[in-house]
Amino acid sequence: MRTKLDLDSWNRREHFEFFGSFDEPFFGVTTTVDFTKGYQKIKDLGYPYFLFYLYKSLLAANTVEAFKYRIEDNEIYVYDKIHASPTIGRDDHTFGFSFMEFQEDFETFVSESKKEIEAVKKSSGLRYTDNAKRIDTIHYSSIPWYNFTGLTHARHFQFVDSVPKISFGKYTKVENKLNLPIAVNVHHGLADGYHVGVYLEEFQRLLNE
């Protein structure tokens, strides 16, 4: 379900029109979150680390309205729920796109997501399905081989894109703390640094639960 945003009464209309005219309207923030408590919890329970922080990230993103805005025909729509479209790596070092529906219940999310991961691993090519093309998603990627302090994305500037992109890197231990790198890229016509900050604060809170 989606609702059309009333641009005439929206306090960011001029921001949307200004940044919407840019060849590259996205901006990105790269930082780290504290993964110490979340890592220990998942280690004790035996769940996959990736699905744990993916679920927590998606849960946090669904609390921030700006992360649920999407541009369609130069109008903005607010989706009730946002899902995940992560890239999934295969044993032959290629990857495929996936679609993971947002579930409030963590165990349900993990169970359904494992099925999707297995389907990607058994496939070939990009697997650019209709579900993977949905805009009521966040484009996720995981780069577990190394830590990073910056990240860019391949972009087709002639294609109108308003889907946030969130990437995770290899977590590293600093003294007694585990740092998880995260890069968040969003359309500047729809969100500012404030909204990214709200998302990151909620994501951290959920990791610590």
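Please read all numbers here as calculations on a predicted model, not as lab measurements.

## Notes on the overall build of the chain
Item 1. Looking only at helices and strands, the chain features five helices and ten strands.
Item 2. The principal-axis extent of the C-alpha atoms belonging to the chain is close to 50 × 40 × 30 Å.
Item 3. In the chain, which comprises 209 residues, the share counted as buried stands at 47%.
Item 4. Entry remark: accessible area of the chain is about 11,300 Å², with carbon and sulfur atoms responsible for 49%.

## A closer look at the UniProt feature "active site" (unreviewed entry) in the chain
Item 1. UniProt marks His 188 with the feature "active site" (unreviewed entry), using the numbering shown here.
Item 2. With respect to the helices, strands and loops of the structure, His 188 is situated in the loop between strand 10 (177–187) and helix 5 (193–208).
Item 3. Residues contacting His 188, with those up to four places away along its chain left out, are Arg 12, Phe 19, Pro 25, Phe 26 and Phe 27.

## Describing the side chain of Gln 204
Item 1. Residue placement: Gln 204 occurs in helix 5.
Item 2. Leave out the neighbours within four places in its chain, and Gln 204 touches Val 33 and Asp 34.

## Topic: the nonpolar core
Item 1. Counting residues in hydrophobic clusters, the biggest one holds 55 residues, and the most contacted among them are Phe 67, Ile 166, Ile 182, Val 184, Tyr 199 and Phe 203.
Item 2. Sorting elements by how many residues they give to this core places helix 3 (residues 49–61) first, with ten residues.
Item 3. Setting aside anything within four residues of it in sequence, one finds Phe 203 in contact with Val 33, Tyr 53, Lys 56, Ser 57, Ala 60, Phe 168 and Ile 182.

## Quick word on the pairing of strand 3 (residues 69–72)
Item 1. With burial as the criterion, each face of strand 3 is covered, one bearing Tyr 69 and Ile 71 and the other bearing Arg 70 and Glu 72.
Item 2. Summarising the sheet, strand 3 and strand 4 (residues 75–79) pair through four bridges and their orientation is antiparallel. Bridge pairing in strand 4 links Ile 71 to Ile 76.
Item 3. Connecting the antiparallel pair strand 3 and strand 4 is a turn made up of two residues, with Asp 73 showing a positive phi of about 55°.

## Section: the environment of Ala 61
Item 1. Turning to its location among the elements, Ala 61 is positioned in helix 3.
Item 2. Spatially, the C-alpha atom of Ala 61 lies 13 Å from that of Gln 103, the residues being 42 residues apart in sequence.
Item 3. Ignoring any residue separated from it by four or fewer positions in sequence, one finds Ala 61 in contact with Phe 67, Lys 68, Ile 138 and Tyr 199.

## Comments concerning the packing of aromatic side chains
Item 1. For the structure shown, the criterion picks out 25 aromatic pairs.
Item 2. Aromatic pair Trp 10 and Phe 16: ring centres 6.4 Å apart, planes at 55°, arrangement tilted.

## Points about the packing of helix 3 against helix 5
Item 1. At their nearest, the axes of helix 3 and helix 5 sit 9 Å apart, and the two run at 135° to each other. When the interaxial angle is binned, helix 3 and helix 5 end up oblique. Both helix 3 and helix 5 take part in a crossing whose hand is right-handed. The residues of helix 5 that touch helix 3, namely those facing Phe 52, Tyr 53, Lys 56, Ser 57, Leu 59, Ala 60 and Ala 61, are Tyr 199, Glu 202, Phe 203, Leu 206 and Leu 207.
Item 2. Of the residues contributing to the contact of helix 3 with helix 5, the split by class is nine nonpolar, one polar and two charged.

Cut-offs and rules
Residues numbered from 1 in each chain as written. Predicted model: local features only at pLDDT ≥ 70, side-chain atom pairs only at ≥ 80, totals over all residues. Heavy atoms only, no water. Helix = DSSP H or I, 4+ residues; strand = E, 2+ residues; numbered from the N terminus. Buried < 20%, exposed > 50% of the residue type's maximum accessible area, 1.4 Å probe, protein only. Areas by Shrake-Rupley, 256 points an atom, 1.4 Å probe, with all protein chains shown as cover. UniProt positions renumbered as here; feature names shortened; annotations may be inferred. Contact = heavy atoms within 4.5 Å. Core = buried A, V, L, I, M, F, W, Y, C linked by side-chain atoms within 4.5 Å. Pairing = 2+ DSSP bridges. Phe/Tyr/Trp six-rings, centres within 6.5 Å; stacked < 30°, edge-to-face > 60°. Axes fitted to C-alpha atoms, helices over the stretch in contact; angles between N-to-C directions. Parallel < 35°, antiparallel > 145°, perpendicular 65-115°, else oblique. Left-handed = near helix turned anticlockwise from the far one by under 90°. Nonpolar A, V, L, I, M, F, W, Y, C, P; charged D, E, K, R; others polar.

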